[in-house]
Amino acid sequence: MKKLICALGAAVLLITGCSQTKEPYVRHTFAFDTYITISIYEHDGEYTTGEICDGAASMLAELDDTLSVKKEQSVISKINSGEQSQIDASIYYMLKNCVDLCELTDGAFDITLGNISEMWGFGEEALQKPDFDKLKDYAGKQNYKNIEFDDGSLSMKLKSGDFSLDLGAAAKGYALDMLNGYLVNAGVTSASVDLGGSIMTIGSYNGENWTVSVTSDETNSTAGTLSVGETYIATSNGFNRFVEYDGVKYHHIIDPDTAFPAQSDVKSVTVITANGLIADALSTAFYVMGSEKTEAFIKEYPIADYIIFTTDGQTVISSGIADSYESAQTADE
Ligand code: ADP
Ligand code: MG
């Protein structure tokens, strides 16, 4: 019997292995504006699964408080105020890694779109249509080049007030990286975490691979399944989060070159790799780049695998996972 675990609104659902059913300890929590499900299948050590999940939930809440642009007391808000900000080493190096990923993707992933996403109003209740001319002024600036890092004092500063940080495309991936360290240290040897559609797996499911269901459109139905070991999986699509002005929907993935929602041939992209931050950042970057540029990127930097569902109904799969992916259509035949 297969067991289906899904977070509300998730783009990727997780199905556990198929032989004997093994009931996990499951904890639901909420952070990063999304539902989170932690499922622990096996652990050893001195802590109960309940205690481990209490710690995990507090850790996620704390990371959300640190990384949110919408919380005035957050580290990111402090940096966005323009102050020279001294920060914890882990956050400092995470931000440096983000800037490396901005550079690697030539700005398709850009953590300095804060002003732009604020103007669009994603996630806000009271919406005000942005000034399109002003948005165009913000386009193509690659402001990640204008962050000043000081490795000696672990402090940083934005060089001008014309931009601000937004970690919306990276924070969940980083949180999964941190959670992995915490869970493994706490003795967890088999677990899955679904953070609003971003998935992390630890160990194996009963000695077998995990089966992850990949969705391709707003119906959230299964387009195919992926058989994976210990890994991270992130999905970006243009249909789950959007704002609407004058009857037109504007989704939340911005093309930094235009400051408008990205208009590539990607409908939904799922990225699989051994690091949460990289999976999250690349899923956003690949959505912006489109399928051809993504293919060329992975040829040059083979750091991840991906499945792209294009707007014209094609499925593009990187060679590293071609044998692990089974299309739902093929399975039905
Ligand atoms: P989700 O948050 O639904 O998992 P993503 O990981 O793709 O989706 O992140 C999208 C969020 O990241 C947006 O809501 C916005 O805050 C921010 N963002 C939008 N476009 C970009 C971009 N090109 N680069 C970096 N961050 C972006
Ligand atoms: Mg992302």
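Higher on the page you've got the structure.
These figures come from a predicted structure and were not determined experimentally. (Residues numbered from 1 in each chain as written. Chains lettered and ligands numbered in written order. Predicted model: local features only at pLDDT ≥ 70, side-chain atom pairs only at ≥ 80, totals over all residues. Heavy atoms only, no water.)

Chemist: I tried to follow the pattern of salt bridges on my own but got confused; where do I start?
Modeler: Here the idea is simple: oppositely charged side chains can pair when their charged atoms come close. What the rule picks out here adds up to eight salt bridges. Where D64 meets K71, a salt bridge forms, and the shortest distance between an N and an O atom there is 3.4 Å. When its relative accessible area of 13% is taken as the criterion, D64 is described as buried. Accessibility expressed as a relative area gives 33% for K71, which makes it partly exposed. Between E124 and K70 there is a salt bridge; the shortest N-O distance is 3.8 Å. (Salt bridge = Lys/Arg side-chain N within 4 Å of Asp/Glu carboxyl O. Buried < 20%, exposed > 50% of the residue type's maximum accessible area, 1.4 Å probe, protein only.)

Chemist: Can you help me understand the coordination of the magnesium ion (ligand 2) in this one?
Modeler: Six octahedral donors around a metal ideally sit at 90 or 180 degrees from one another, while four tetrahedral donors ideally sit at 109.5 degrees. In the first shell of the magnesium ion (ligand 2), the protein supplies A169 (O), D280 (O), D280 (OD) and T284 (OG1), at 2.2 to 2.8 Å from the metal. Mapping the donors of the magnesium ion (ligand 2) onto the primary sequence gives the spacing A-x110-D-x3-T. Of the two residues, A169 sits in the loop between β7 (155-158) and α6 (171-185) while T284 sits in helix α7 (residues 276-289), which places them 115 residues apart along the sequence. A single burial state applies to A169 and to T284, both of which are buried. (Donors = N, O, S within 2.8 Å, 3.2 Å for Na, K, Ca; no water. Helix = DSSP H or I, 4+ residues; strand = E, 2+ residues; numbered from the N terminus.)

Chemist: Quick question: what am I supposed to make of the sheet that holds strand β4 (residues 34-43) here?
Modeler: Backbone hydrogen bonds are what pair the strands of a sheet, in a parallel or an antiparallel way. Strand order in this open sheet of eight strands is β3-β4-β8-β9-β12-β17-β18-β19, and the pairing throughout is antiparallel. Every interior strand has two partners, whereas the edge strands, β3 (25-31) and β19 (315-317), have only one. For this sheet, the mean inter-axis angle between neighbouring strands, taken without regard to orientation, is 10 degrees. For β3 and β4, the ladder comprises seven bridges, and the chain directions are antiparallel. (Pairing = 2+ DSSP bridges. Axes fitted to C-alpha atoms, helices over the stretch in contact; angles between N-to-C directions.)

Chemist: Teacher, can you tell me more about the site of ligand 1 here?
Modeler: Ligand 1 sits among 16 residues. The nearest are D166, K172, S236, I254 and T284. One nitrogen or oxygen atom from the side chain of D166 is found 2.6 Å from an oxygen atom belonging to ligand 1. In this structure, S236 approaches ligand 1 through a side-chain N or O atom, which is 2.7 Å from an oxygen atom. In isolation ligand 1 exposes 570 Å². Once the protein is present, 91% of that is buried. (Near = heavy atom within 4 Å. Polar contact = N/O pair within 3.5 Å; in protein donor to acceptor, adjacent residues only side chain to side chain. Areas by Shrake-Rupley, 256 points an atom, 1.4 Å probe, with all protein chains shown as cover.)

Chemist: What is the right way to read the nonpolar core from this model?
Modeler: A general trend in soluble globular proteins is that nonpolar side chains are found buried together. L67, L95, F109, I111 and F286 are the most contacted members of the largest nonpolar core, which totals 69 residues. The element best represented in this core is α7, accounting for nine residues. Setting aside anything within four residues of it in sequence, one finds I111 in contact with L95, C98, V99, C102, I147, S164, L165, D166 and L167. W210, V214, L226 and I321 belong to the second-largest nonpolar core, a separate cluster that totals 15 residues. (Core = buried A, V, L, I, M, F, W, Y, C linked by side-chain atoms within 4.5 Å. Contact = heavy atoms within 4.5 Å.)

Chemist: Is there a simple way to think about the packing of aromatic side chains in this case?
Modeler: Here a ring pair, both rings aromatic, is described through the centre-centre distance and the interplanar angle of the planes. Within the structure shown, the criterion is met by 16 aromatic pairs. A centroid spacing of 5.1 Å and a plane angle of 85 degrees characterise the contact between Y92 and Y93, whose relative ring orientation is edge-to-face. Residue Y93 is classed as partly exposed on the basis of its relative accessible area of 39%. Centroid distance F132 to F260: 4.9 Å. Interplanar angle 75 degrees. Geometry classified as edge-to-face. You can see F132 sitting in helix α5 (residues 132-138) and its partner F260 sitting in strand β16 (residues 260-261), a full 128 residues away along the chain. Given the relative accessible area of 24%, F132 is considered partly exposed. Through a chain of ring-to-ring contacts, the aromatic side chains of W120, F122, F132, Y245, Y250 and F260 assemble into a single cluster. Taking the ring centre of F132 as reference, the NZ or CZ of K129 above it sits at 5.1 Å. (Phe/Tyr/Trp six-rings, centres within 6.5 Å; stacked < 30°, edge-to-face > 60°. Lys NZ or Arg CZ within 6 Å of the ring centre and 35° of its normal.)

Chemist: How should I be thinking about unusual backbone geometry in this particular structure?
Modeler: Trans is the common state for peptide bonds, and a negative phi is the common state for residues other than glycine. Notably, D33 is not glycine yet its phi reads approximately 60 degrees, a positive angle. Given a relative accessible area of 48%, D33 falls into the partly exposed group. Unusually for a residue other than glycine, D246 sits at a positive phi of about 50 degrees. Relative to the assigned elements, D246 resides in the loop between β13 (242-245) and β14 (248-251).

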